Structures are given as structure tokens and as C-alpha cells.
Amino acid sequence: MAGEIPDLVAMARTGTGKGAARQARRDGMVPGVVYGGGADPMPIQIPFNELLKKLKAGRFRATLWNLKIEGQEDVRVICRDVQRDVVKDLPTHLDLMRLRRTSKVNLFIPVVFEGVDGSPGDKQGGVLTVVRPEVELRVTAGDIPEQIVVDCSKMEIGDTIHISDATLPEGVKPTIDRDFVLANMQAPSGLASQKDEEETPETEVINQSGESAED
């Protein structure tokens, strides 16, 4: 099941409208609103530096957050929009949506490749090349897998692992509608180079007179 959901600390914001939003920005905050989940919309504000740090870390809109507001119960949210300044490209407002435990959401889940050491390909000197260290999955907010495990113990050189080879929890589906590659077992570079040389056909060199150079 899911590991610890990261916290997103915010404060309730008094007042609404452009005036209140401008005041929040002057105070070093980014105004926002939390909506959905069968409750009334709530104006909030988040420290600018904290939000910017999380945005730069990536996956902000694809992460399920545990929203913490003093004096209120924690609630799971996902970001639906981050408005930015058209010149400076800095956040000026954000929209967060509350999620019920039964809500469906797209999240990036890490992939763990087990059994690589000691596999036939590993014993032959092969190297596992990971194409997707994480995959975007459609999951239920109340039942998020911590990771997806793939068994590589039988992989040989030249084998490829696809998403269809991974065992996904019930109700979890990839957002990409095709059998995409997760990883492949490649031959060591020295062996690959030797194989290329062996497969290269010998060519006969012809001199300018049209005769074979061996004649």
C-alpha cells in the first residue's frame, strides 16, 4: 500500500477577491482555493518559497498531497492548476481539489526491478537498462500502491520487460493504452562490439582499374 503521503502545509485565507489575493502576495504567500469533496470552497495561502521549492522538485500536479491547515482535519488533495506570472513564470495562484478515498487519480508510481542479480542475463555479463523507473497509473486515492514490483530473475540477454509483465493491484491501470517497455537486458558493450564485428560481411576492395586489390 501507499507510503507516507507528503504534507502540503497551508493557512486559511481571510477575504476573497483580487484585493485579498494581492495582499497575500505582498505578504510572501501564494493564494489558492480548495474545492470539491462535497464541501464548500476554501480560500488558502501557501508560503511562496515552500511552494516554489515543491514546484521545482517536479511532479507537483501528479502528486497526492496531505493538506494540513491548522485547526482543521487533514485532507487529501491534488493540484488541478497553477497560475503563473506571464513574465517571471512564478506561481501566483493555485487550485487544489479534495479527494474522497474512492476518487480516481493519475499518479506516478515507482517501479522496482527484483531478481536482476543472479538472473541468466546477469550471469552472462548483461546489464539491465531501465527505460521507465516510474509509470503513471490510474489509482484509487484510498488505496495507492507504494511501488510496482517486476520479477527479472529469469531474464536473459535480449529479453524485454513490458508493463504487461508487471502484476498491478486490482483496479489499477496504466494511463498509456499500449504495452510499453519498462526495461531490457542488454549485452555488455564488449560482447556487443564483438558481435557486430562478427556480423559485418567482408568486402572486396576494388582498385581504380576495376581489378580486385587481391589480384
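Computed from a predicted structure; not experimentally measured. Starting afresh in each chain, residues are numbered from 1 along the sequence in its written order. Predicted model: local features are reported for residues with pLDDT of at least 70 only, side-chain atom pairs are reported and counted for 80 or more only, and whole-chain, interface and lining totals are derived from all residues. As a convention, hydrogens and water are excluded, and side-chain values are obtained from all of the structure's heavy atoms.

Undergrad: Would you take a moment to explain the sheet that holds strand β4 (residues 65-69) for this structure?
TA: In a beta sheet, neighbouring strands pair by backbone hydrogen bonds and run either parallel or antiparallel. The sheet built from six strands closes into a barrel, its strands ordered β1-β3-β2-β6-β5-β4 with mixed pairing. Sheet twist, expressed as the average angle between the axes of neighbouring strands with direction ignored, equals 45°. Where β4 meets strand β5 (residues 75-84), three bridges bridge the pair, whose relative direction is antiparallel. Residue pairing across strands places N66 opposite R76, the latter belonging to β5. Every residue pair with non-hydrogen atoms within 4.5 Å of one another is taken to be in contact. Under this scheme, a helix contributes an axis fitted over its contacting stretch, all axes are lines through C-alpha atoms, and angles between N-to-C directions fall in the 0 to 180 degree range. Runs of E in the DSSP output that reach at least two residues are strands. Runs of H or I that reach at least four are helices, and both are numbered from the N terminus. Against the sheet, helix α1 (residues 18-26) contacts β2 (29-35), β3 (42-47) and β6 (91-98), and its axis sits at roughly 130° relative to β2. Contacts between helix α2 (residues 48-57) and the sheet are confined to β1 (7-12), β2, β3, β4, β5 and β6, with β3 contributing the most and set at about 80° to the helix. Two strands pair under a simple rule: DSSP has to find at least two bridges between them.

Undergrad: Explain the environment of E146 to me, please; I cannot follow it from the model alone.
TA: By the secondary structure assignment, E146 is in the loop between β9 (134-140) and β10 (148-151). Between the alpha carbons of E146 and I109 there is a distance of 6.9 Å; along the sequence they are 37 residues apart.

Undergrad: Just checking my understanding: could you explain α2 for this structure?
TA: Residues lying three or four places apart along an α-helix face the same way, a consequence of the helix completing one turn every 3.6 residues. Buried within α2 we find L51, L52 and L55. For α2, the arc enclosing every buried residue in end-on projection is 100°, short of the 170-degree limit, so these residues lie on one face. Relative to its buried face, α2 has exposed residues pointing more than 90 degrees away, namely N49, K53 and A57. Each element contacted by the buried residues of α2 is listed here: β2, β3, β5 and β6. Following α2 by one or two positions, G58 has its phi on the positive side, about 90°. The cut-offs for exposure are 20% and 50% of the maximum accessible area for each residue type, with area from a 1.4 Å probe on protein chains only; residues under the lower value are buried, those over the upper are exposed, and the others partly exposed. To be clear, the arc concerns the directions from the helix axis to the C-beta atoms.

Undergrad: When you look at the layout of surface pockets in this model, what are you seeing that I'm missing?
TA: The method is simple in principle: a probe with the dimensions of a water molecule rolls over the atoms, and the space it marks as empty is what remains. A volume near 170 Å³ is recorded for the second largest pocket. Only protein atoms enter the calculation, which uses a 1 Å grid: trapped sets of points that fit a 1.4 Å probe without letting it out are cavities, open sets showing protein on both sides within 12 Å along at least five of seven lines are pockets, and any residue with an atom within 4 Å of a point is a lining residue. Taken together, R25, G28, M29, V30, F48, D85, K88, L90, P91 and T92 form the lining of the second largest pocket. For the lining of the second largest pocket, the secondary-structure elements that each account for two or more residues are β2 and β6. By the convention adopted, Pro, Cys, Tyr, Trp, Phe, Met, Ile, Leu, Val and Ala count as nonpolar, Lys, Arg, Asp and Glu as charged, and the other residues, Gly among them, as polar. Looking at the lining of the second largest pocket, its residues break down into five nonpolar, two polar and three charged. Grid points are joined across faces, edges and corners, and a volume is the space filled by probe spheres set on the points.

Undergrad: Help me understand the environment of E114, please; the structure alone is not making it clear to me.
TA: Here E114 is to be found in strand β7 (residues 104-114). Taking relative accessible area as the criterion, E114 reaches 43% and is therefore assigned partly exposed. Spatially, the C-alpha atom of E114 lies 5.7 Å from that of C152, the residues being 38 residues apart in sequence. Each residue touching E114, except ones within four places of it in the same chain, is listed here: V149, V150, D151, C152 and S153.

Undergrad: How do you make sense of the sheet that holds strand β13 (residues 181-186) when you look at a structure like this?
TA: With antiparallel pairing, three strands are arranged side by side in an open sheet as β8-β13-β11. In the strand order of this sheet, the two ends are held by β8 (127-130) and β11 (160-162), each with one partner. Across this sheet, the average inter-strand angle for adjacent strands is 15°, counted without regard to direction. Strand direction decides the pairing type here: β8 and β13, joined by four bridges, are antiparallel. Bridge pairing in β13 places V130 opposite A183.

Undergrad: Could you clarify how one ought to interpret the nonpolar core in this entry?
TA: Soluble, globular proteins show a tendency: their nonpolar side chains are buried together. Note on terminology: a nonpolar core comprises buried Ala, Val, Leu, Ile, Met, Phe, Trp, Tyr and Cys residues joined through side-chain atoms within 4.5 Å. One finds L107, F113, L128, V150 and L182 to be the most contacted residues of the largest nonpolar core, which totals 28 residues. Secondary structure elements with two or more residues in this core: β7, β9, β10 and β13. No other element matches the five residues that β7 contributes to this core. Those residues within four positions of L182 in sequence are excluded, and the remaining contacts are F113, T129, V130, V131, R132, V135, V150, I161, H162, I163 and A166. With 18 residues, the next largest nonpolar core counts L8, V30, V34 and L51 among its residues.

Undergrad: Explain α1 here, please?
TA: Residues of α1 that are buried: A20, A21 and A24. Down the axis of α1, the smallest arc covering the buried residues is 100°, so these residues share one side. In α1, the exposed residues that point more than 90 degrees away from the buried face are K18 and R26. Buried positions along α1 lie against β2 and β3.

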